[in-house]
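Per-entry structural report
What follows is each chain in one-letter form.
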Amino acid sequence: IHIGDSPADIEAANKTGTTSILVQTTPYDFCKSEYQNPAFTFSNLKDNFDDFVSVVQTGRATCSYYKSN
């Protein structure tokens, strides 16, 4: 699992075949095309802690994550 907040983090995760988690805690414009598709996108790890733990344990986020996306 690769956790990051920049386009380079997501690119590195995708290039190495790891699960990418984008945490939107920096001033980047997260809607721009410079971001490759991360496996998961969290606004922050405090609010998405249960989803993060679920990804680590099972490779999937919680059901509420998928309903909101």
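Figured I'd write up the structure that's included with this text. Everything quoted here is computed from the prediction, not taken from an experiment. (Residues numbered from 1 in each chain as written. Predicted model: local features only at pLDDT ≥ 70, side-chain atom pairs only at ≥ 80, totals over all residues. Heavy atoms only, no water.)

A closer look at helix H2 (residues 49-58)
Each turn of an α-helix holds 3.6 residues, which means side chains three or four residues apart point in the same direction. Of all the residues in H2, the buried ones are Asp51, Phe52, Ser54 and Val55. Seen from one end, H2 has its buried residues packed into an arc of 165°, which puts them on one side. Summarising the geometry of H2, the exposed residues directed more than 90 degrees from the buried face are Asp50 and Gln57. Gly59 sits one or two residues past H2 and shows a positive phi near 85°. (Buried < 20%, exposed > 50% of the residue type's maximum accessible area, 1.4 Å probe, protein only. Helix = DSSP H or I, 4+ residues; strand = E, 2+ residues; numbered from the N terminus. Arc of directions from axis to C-beta.)

Quick word on the side chain of Ser54
Along the chain, Ser54 falls in helix H2. Ser54 sits in the buried class, given a relative accessible area of 15%. Setting aside residues no more than four positions away along its own chain, Ser54 makes contact with Gly59, Arg60, Ala61 and Thr62. (Contact = heavy atoms within 4.5 Å.)

A few points about the side chain of Ser20
Mapping Ser20 onto the fold places it in strand E2 (residues 20-23). Setting aside anything within four residues of it in sequence, one finds Ser20 in contact with His2, Ile10, Ala13, Asn14, Asn37, Pro38, Ala39 and Phe40.

Some thoughts on the pattern of salt bridges
Counted according to the given criterion, the structure contains 1 salt bridge. Taking the shortest distance from any N to any O, the salt bridge between Lys15 and Glu11 comes out at 3.1 Å. Of this pair, Lys15 and Glu11 are both found in helix H1 (residues 7-16), 4 residues apart, which corresponds to roughly one turn of the helix. What makes Lys15 exposed here is its relative accessible area of 66%. (Salt bridge = Lys/Arg side-chain N within 4 Å of Asp/Glu carboxyl O.)

Let's talk about the packing of aromatic side chains
Counted by the stated rule, this structure contains 4 aromatic pairs. Each ring, one from Phe40 and one from Tyr65, has its centre 5.7 Å from the other, and the planes form 55°; the classification is tilted. Here the residue Phe40 occupies a position in strand E3 (residues 40-42), and Tyr65 occupies one in helix H3 (residues 63-68), the gap between them amounting to 25 residues. Exposure class is identical for Phe40 and Tyr65. Each is buried. Seen in terms of ring centroids, Phe42 and Tyr65 are 5.6 Å apart; in terms of plane orientation they differ by 80°. Their pairing is edge-to-face. In this pair, Phe42 sits in strand E3 while Tyr65 sits in helix H3, placing the two residues 23 residues apart along the sequence. Note on accessibility: Phe42 and Tyr65 belong to one class, buried. One aromatic cluster is present, formed by Phe40, Phe42, Tyr65 and Tyr66 through successive ring pairs. One cation-aromatic arrangement involves Arg60 over Tyr66; the distance from NZ or CZ to the ring centre is 4.4 Å. (Phe/Tyr/Trp six-rings, centres within 6.5 Å; stacked < 30°, edge-to-face > 60°. Lys NZ or Arg CZ within 6 Å of the ring centre and 35° of its normal.)

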